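Each chain is listed here by its residues.
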Amino acid sequence: MAWIVLVLSVIAVVYEYPRLRRAKQFKELWLFMILLAVGVLLSVAEELHLPIPDPLNWLTAIYKPMSRIVLSALN
Amino acid sequence: MGEIEKGKINPRQFSVLTLLFSLGSSILIVPSALTSIAKQDGWLAAIAGVAGGMLLLLLYHALGSRYPGQSLIQYSETILGRWLGKLAAVLFLGYFFLLSALVLRNVGDFITTIVMPETPIQVVHTLFLLAIVIGVGLGLEVIARSSEIFLPCIVLLIVVLIVFLIPQIQFDRIEPVFETGAKGIIHGSLSVLSIPYLELVVFLMIFPYVNRPNKIRPAFMKGAVLGGLVIVVVTMFCVFVLGWDFTARHTFPSYTLAKKIQVGEFLQRIEVLVAVIWFLTIFYKLAICFYASMLGMAQLFRMRTYRPLIVPSGIILCVLSIVVYPNIVYFRVFAAEIWPFYALTMGFALPGLLLTVSVLKSAFK
């Protein structure tokens, strides 16, 4: 899957970079490049089965105590 | 700085989008969550959840109508000040984006477990996301207008599903009514409340683009009530036709429900109709969530357009939707135990806080 992402990103850069640069939208350009880099890194990491932080685990860690109290009160 | 979204939608389109949003993913997942907690009283829990959802809509409307012409992300900065407001905006964006990833994964799970078991889930996600990326790139007006085109098709399919199931009803399956008691019903209603209604906070992002702001409240309520009605009816039919234990064991009970359709000897196995209803509704749900997170990000960074962000965010979304949970059991436990509380924080506590601060601010001025 990572190669599709790479091809897509190259197309996106070829399409967006000159346009944003000509329009002097540097903030947009920066954010575009940062997000694209994050996306490419994440998909390469996924392809190589590297551990990727999972937001659901963070949410579970935050809400578990609250959930336990409320759900046991409802049972 | 001009407006990022130049399109305008009318109250009717707003109402249709609300309806499709509240059906997307909930119609397939919620009956199982409801019946696993409230057993045969799942439909009562659904009614309680819809009633609670209406109160939430009043809260959203009260908040949204205080700042006409501004979206949730913009007025959270106006209300809480620059830095706290940005923090709230980031939390909301995280919620919308995570919601998009979960919704996309629901599509992938459904297709790879039921329709096309040999297709890799990444392929399903990529193809579905491609349509979403094109839709979001075209903007809100296009999404809203196309939803009006698909609405009759969805209504027809829902009516077909319900009418053809009437002969299969066994009324004794719903007895004893009210066995679980008030506690069970409240607990069960959390799932309906959290799966479409607390997610409707996303609509605060498109409030400013409705061309007649005074018509927002009836349109919003109408869409959400109709969506709620469909969820209640589908849950009732699941209990009536499949029985609560069978419904609770299935991940996608309304799909199994449609397999039961048998009219004479010739009309059977039309369950793919449910899949069509679901793809159409979930497309709009995902499109709105993704659109809201793109628009919100552009507003947060005060950009002139959100369009350059779509492809990179789509790539991130695709990876996130794969890694977001390892298997469906994890998701079911998460959806039952953790998601309602997260959704309550983002869909009730935070908008409630914004409204309170805003009211206090104008009172002390």
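This structure is a prediction, so every number in the text was calculated from the model and none was measured.

Reading the values: rules and limits
- Residues numbered from 1 in each chain as written.
- Chains lettered and ligands numbered in written order.
- Predicted model: local features only at pLDDT ≥ 70, side-chain atom pairs only at ≥ 80, totals over all residues.
- Heavy atoms only, no water.
- Phe/Tyr/Trp six-rings, centres within 6.5 Å; stacked < 30°, edge-to-face > 60°.
- Lys NZ or Arg CZ within 6 Å of the ring centre and 35° of its normal.
- Helix = DSSP H or I, 4+ residues; strand = E, 2+ residues; numbered from the N terminus.
- Expected span 1.5 Å × (residues − 1).
- Buried < 20%, exposed > 50% of the residue type's maximum accessible area, 1.4 Å probe, protein only.
- Arc of directions from axis to C-beta.
- Contact = heavy atoms within 4.5 Å.
- Core = buried A, V, L, I, M, F, W, Y, C linked by side-chain atoms within 4.5 Å.
- 1 Å grid on protein atoms, 1.4 Å probe; cavity = no way out; pocket = protein on both sides within 12 Å on 5 of 7 lines; lining within 4 Å.
- Points joined across faces, edges and corners; volume = space filled by probe spheres on them.
- Nonpolar A, V, L, I, M, F, W, Y, C, P; charged D, E, K, R; others polar.
- Patch = residues over 30% accessible without salt bridge, like charges linked within 9 Å, V, L, I, M, F, W, Y side chains within 5 Å.
- Areas by Shrake-Rupley, 256 points an atom, 1.4 Å probe, with all protein chains shown as cover.
- Salt bridge = Lys/Arg side-chain N within 4 Å of Asp/Glu carboxyl O.
- UniProt positions renumbered as here; feature names shortened; annotations may be inferred.

Draft legend 1. Main features of the packing of aromatic side chains. Across all of its chains, the model carries 25 aromatic pairs over all chains by this definition. For the pair Tyr325 of chain B and Phe331 of chain B, a centre-to-centre distance of 4.8 Å together with 20° between the ring planes defines the contact as stacked. Within the aromatic cluster, the residues linked to one another by ring pairs are Tyr63 of chain A together with Phe92, Tyr95, Phe96, Phe334, Trp339 and Tyr342 of chain B. Cation over ring: Arg105 of chain B sits above Tyr325 of chain B, and NZ or CZ is 4.4 Å from the ring centre. Taking NZ or CZ as reference, Lys285 of chain B lies 5.3 Å from the ring centre of Phe21 of chain B, over its face.

Draft legend 2. Examining helix H6 (residues 121-138) of chain B more closely. Residues and elements named next belong to chain B. Taking 1.5 Å per residue, 18 residues should reach 26 Å; H6 reaches 26 Å between its end C-alpha atoms and fits that length. Of the positions making up H6, those classed as buried are Ile121, Val124, His125, Phe128, Leu129, Ile132, Gly135 and Val136. Buried residues along H6 cover an arc of 115° about the axis, so they all sit on one side. For H6, the exposed residues set more than 90 degrees away from the buried face come down to Leu127, Ile134 and Leu138. Considering only its buried residues, H6 is in contact with helix H5 (82-115), helix H7 (140-165), helix H12 (272-300) and helix H13 (310-323). Phi turns positive one or two residues past the end of H6, at Gly139, with a value near 105°.

Draft legend 3. View of the nonpolar core. In terms of nonpolar packing, the biggest core is built from 148 residues, with Phe14, Tyr60, Leu72, Phe96, Phe203 and Trp339 of chain B touching the most fellow members. Looking at this core, the element that brings in the most residues is H12 of chain B, giving 20 residues. In this view, Leu72 of chain B contacts Leu63, Phe92, Phe96, Val201, Leu204, Met205 and Leu354 of chain B; residues no more than four positions away in its chain are not counted. Ranked by size, the runner-up nonpolar core spans eight residues in total, among them Ala12, Phe32 and Leu36 of chain A together with Ile315 of chain B.

Draft legend 4. Molecular detail of empty space enclosed by the protein. Residues and elements named next belong to chain B. For the structure shown, the criterion picks out one cavity of 30 Å³ or more. When its volume is computed, the largest cavity comes out at roughly 100 Å³. Surrounding the largest cavity, 13 residues form its lining, Leu102, Ile195, Glu199, Phe331 and Trp339 being those nearest its centre. Breaking the lining of the largest cavity down by element, the ones donating at least two residues are H5 and helix H14 (328-337). Ranked by residues supplied to the lining of the largest cavity, first place goes to H5 with four residues. Tallied by class, the residues present in the lining of the largest cavity amount to nine nonpolar, two polar and two charged.

Draft legend 5. Local environment of a nonpolar patch on the surface. All names here are of chain B. Together, Val123, Leu127, Leu130, Ile134, Leu138 and Val142 make up a nonpolar patch on the protein surface, roughly 540 Å² of accessible area in all. Broken down by element, the residue count for the nonpolar patch peaks at five residues, all from H6. Among the secondary structure elements, Leu130 is positioned in helix H6. Under the relative-accessibility criterion, Leu130 is labelled partly exposed at 49%.

Draft legend 6. Fine view of the UniProt feature "transmembrane region" (unreviewed entry) in chain A. With numbering aligned to this structure, UniProt lists the feature "transmembrane region" (unreviewed entry) at residues 29-45 of chain A. Helix and strand shares over residues 29-45 of chain A are 100% and 0% respectively, and the end C-alpha atoms of the span are 24 Å apart.

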